Every structure is written in structure tokens, then in C-alpha cells.
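# Chain and residue survey
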Amino acid sequence: MKTQVAIIGAGPSGLLLGALLHRAGIDNIILERQSGEYVLGRIRAGILEQVTVDLLHEAGVGDGVSQEGTVHHAIELVFKNQRHPIDVTHLTGGKVVTAYGQTEVTRDLMSHRAAQGLPTVYEAKDVALHGFDGASPYVTYEKDGQSHRVDCRFIAGCDGFHGVSRASVPEGAITEYEKVYPFGWLGVLADVPPVSPHAIVYANSERGFALCSMRSMTRSRYYVQCPLSDTVDAWSDQRFWDELRLRLDPDLSSRIVTGPSIEKSIAPLRSFVAEPMRFGSLFLAGDASHIVPPTGAKGLNLAATDVKYLSQSFIEYFNDKTDAGIDTYSERCLRRIWRAERFSWWLTSLMHRFPDTQGFGQKIQEAELDYLVNSEALSRSLAENYVGLPLNFAE
Ligand code: APR
Ligand code: PHB
């Protein structure tokens, strides 16, 4: 087989890249290790920046988010048992975020790709990358007991944190920066109306962090910080709802509607960046090159902007015959990525209970939160970062 761009991974990054390239007349094939059903079974984040919503429209898959997404103008910070709304739209001169699940984004992109008849190989085993130090790379894989080879001009590594693309880069060519946090998030999805349908709630409490989010007016997504050693089996639905209530203020707590969980999982928190993002004819995008803790809701949005820059760079290469985009891809992405890394690390540090800082750490967090909600300058800084930087930010 021959194509212009071989894309590894059919998560949001790979699928969005495929859609944007196809619209510009650039051939691509996606190779995905798992089945389509497995990919759709993963429940992940759910807050889209306007830049991401615009990109979905540009890719031709904006109907779902337009019809089913919920626009938010505010977030709420809870600390010392009190609620403090932050009017994000007012503070950013009109910007909003949209609640729409990553699972739904992936589903929309998958069905669009299928409807257009574009090639995606699911359950591709032993994907291997070859010759990306030159201009004629190729990818091999196994499917149904047979070996296959895809020749291409570029390989896009969109295969997530545990993928083969980053792992294929020679050790000396890549630098990794990492911070692992000493706790995880226990997430529950339930078909109950969200306690706060107009603002995502971030709660700091002495018992640990909690988050109230939503997927629709009838489906809620809630999280509580938990020890990394915990297992899902230790958390009955009842224990989860009781703990969530204890971490919120009395008003929200009394209004939580509970119900059976339809998904429950524990995720570790990590900050990670691998630099650079280009190695000859191989380009990394999304979780393959960076991870943020979910507190700032930046993971999916960063993946989308990487893909925007990468698709533009490939389009300029094939259609305008210039290397300028591919040559600056890594640098342009990394500036935005480090801004989001800083924000996500900061909000994570502010909102969680750290095992080593105890009462002093809690008091310092409460003082900073008090400063934050009472200072327009600090609230604006939070709001600006939360809605996301523009694609071509200057300062
Ligand atoms: N060969 C082929 N496919 C692979 C391989 C491999 N060796 N390894 C991993 N994959 C696939 C995974 O099965 C997955 O479907 O690559 C895909 C990567 O998808 P994601 O992990 O969702 O990464 P990405 O598309 O970059 O999306 C970023 O996902 O984790 C969230 O917070 C993150 O929201 C962000 C988004
Ligand atoms: C979610 O809806 O899953 C969600 C929302 C906000 C976050 C993280 C996750 O910061």
C-alpha cells in the first residue's frame, strides 16, 4: 500500500488529522492497534476550548458538538465549604468552553471517516516504523496473520502515551520531562442530572479534590482524588457519592442526585513532555508527545491544536511545496504545550491534597484561593488559560 501520510493511532488526534488532511486532498491511512469498539469504550475528558470546537467544524464533524454540547460561561471554585463563581466569559471578553465528551468527539470522527470511505485498519498488530530518518519511510504491521507494508512520505505518531512512535525514536534524539503526582482521580459516569449544569465545579477540601462535570443534561461526570493504591472495587457507588458530598459545600452537596454508575475508573495524574516532536519524517502529536494532569481540561485541546499545526504543515508541504511549516512544527507546538503544562500543574497543585504538606499546605492553598477569587487580575489569568490560548498567540 502507498499513501502520503501514515497515521498511527485512531484516537482523537489521529482521526482529526485524517479528516483535516482528507479535506485538503491529502491521502492518509490510519493504523490502530485496538478495535473500534474498544476505542469508543474509553471514557475521558469532556471540556472543549473554542479553538477545538472550530477545528471540529473545519474537519466537517461539528454537528454533534453544535447540537449536543453545552456551552459554559463560568467555572466554580469551592474551598472552605464555600462556592466562588468565576465568570470566565466576562473575564475573557466573551469566550466560552463547551462540555462535550471525548468519546462523542471520537464517535463523530469515526463515523465521518467511515462515511467517506477512508482507510482505517483496526486491530493492526505489531505496528513498526522504518526509515523515518529519510524521505521514504514505511510502516509494517500484522493483520489476520498476514504482514503488510505501507509506504508514505510522512508518519504521524498519534498513538498516545504508550504508543510505538515515540518509543521508536533513538534514545539520544529525545528528551523527556516528567512529574508524577502522588494520587489519582476516581471518575464516575452516571445517568443523573448534573448538580451544576452551567459551571464546572472544582473543589478543594481537606479530604482531597473533587470535580463536578457533565456530558449532557441527563448524564453527569464526577471525580474525587484518591490514593494511587486504591482499586475500583474498594469504591462502591454509595462510598463514592458519600465522599463526593463531603468534599463539596453544603448547598451543592444537598443537591447532588445520585444513581448507579455506568462507568467507574481510576486514572493516575502525570505531567510529561517529550522534545522535540519531529524526527526526520516522523511527527508526534497529542498524548504521544505530552500528558497533562486533567485538572485544567487541556489534554484533548492540546492534541487538537497539535493536529491543526501538523495538518497545516503537511498541506503547505504537499500543496505549496514549502518546508517552512514542517520545519517549525515542533517549536510552535511546544510553546503552547509548555504554557498548558504550567497551567495544568499550577491548578493541580492548588486544588489537591498532597500527602507531604499536610495542614500547612492546606492553609497556603486556601490563602491563594482567597486571593484568586478576590483579585480580578488573578481570576482573569485563570480564565484566560482555562478558555485556552488563541492558535497564534503573541505574548
Ligand atoms: N499501534 C497502533 N495504534 C496504537 C499503538 C500501536 N502500537 N499504541 C497505541 N495505539 C492507539 C491507541 O489504541 C489509541 O486508540 O493510539 C490511540 C491513541 O489515542 P489517545 O490515547 O486517545 O491519544 P490522542 O489521540 O493523542 O488523544 C489525546 O486523549 O488521553 C486523552 O487527555 C488525552 O484528551 C487527550 C486525548
Ligand atoms: C470531564 O468532564 O471529564 C472533565 C471536566 C473538567 C476537567 C477534567 C475532566 O478539568
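To keep things clear, this report deals only with the structure shown in the data block. (Residues numbered from 1 in each chain as written. Chains lettered and ligands numbered in written order. Predicted model: local features only at pLDDT ≥ 70, side-chain atom pairs only at ≥ 80, totals over all residues. Heavy atoms only, no water.)

Right, let's get into the site of ligand 1. What surrounds ligand 1 is a group of 24 residues, the closest being Ser-13, Glu-32, Arg-44, Gln-102 and Asp-287. The contact in question runs from an oxygen atom of ligand 1 to an N or O atom on the side chain of Glu-32, over 2.6 Å. With respect to ligand 1, the side chain of Arg-42 contributes an N or O atom lying 2.7 Å from an oxygen atom. The protein chains hide 91% of the 710 Å² of surface that ligand 1 would expose on its own. Sorting the residues of the shell around ligand 1 by element identifies helix H1 (12-23) and helix H10 (299-320) as the ones contributing at least two each. The leading source of residues in the shell around ligand 1 is H10, at three residues. (Near = heavy atom within 4 Å. Polar contact = N/O pair within 3.5 Å; in protein donor to acceptor, adjacent residues only side chain to side chain. Areas by Shrake-Rupley, 256 points an atom, 1.4 Å probe, with all protein chains shown as cover. Helix = DSSP H or I, 4+ residues; strand = E, 2+ residues; numbered from the N terminus.)

Next up on the list: the site of ligand 2. In the vicinity of ligand 2 there are 14 residues, among which Tyr-202, Ser-213, Arg-215, Tyr-223 and Pro-294 approach most closely. A distance of 2.6 Å separates an oxygen atom of ligand 2 from a polar side-chain atom of Ser-213. A distance of 3.2 Å separates an oxygen atom of ligand 2 from a polar backbone atom of Thr-295. Those elements that place two or more of their residues in the shell around ligand 2 are strand S15 (210-216) and strand S16 (219-226). With three residues, the top contributor of residues to the shell around ligand 2 is S15. Partitioning the shell around ligand 2 into residue classes produces eight nonpolar, three polar and three charged. The two domains that each donate at least three residues to the shell around ligand 2 are domain 1 (5-70 + 99-178 + 271-350) and domain 2 (179-269 + 353-386). (Nonpolar A, V, L, I, M, F, W, Y, C, P; charged D, E, K, R; others polar. Domains from an automatic or database assignment.)

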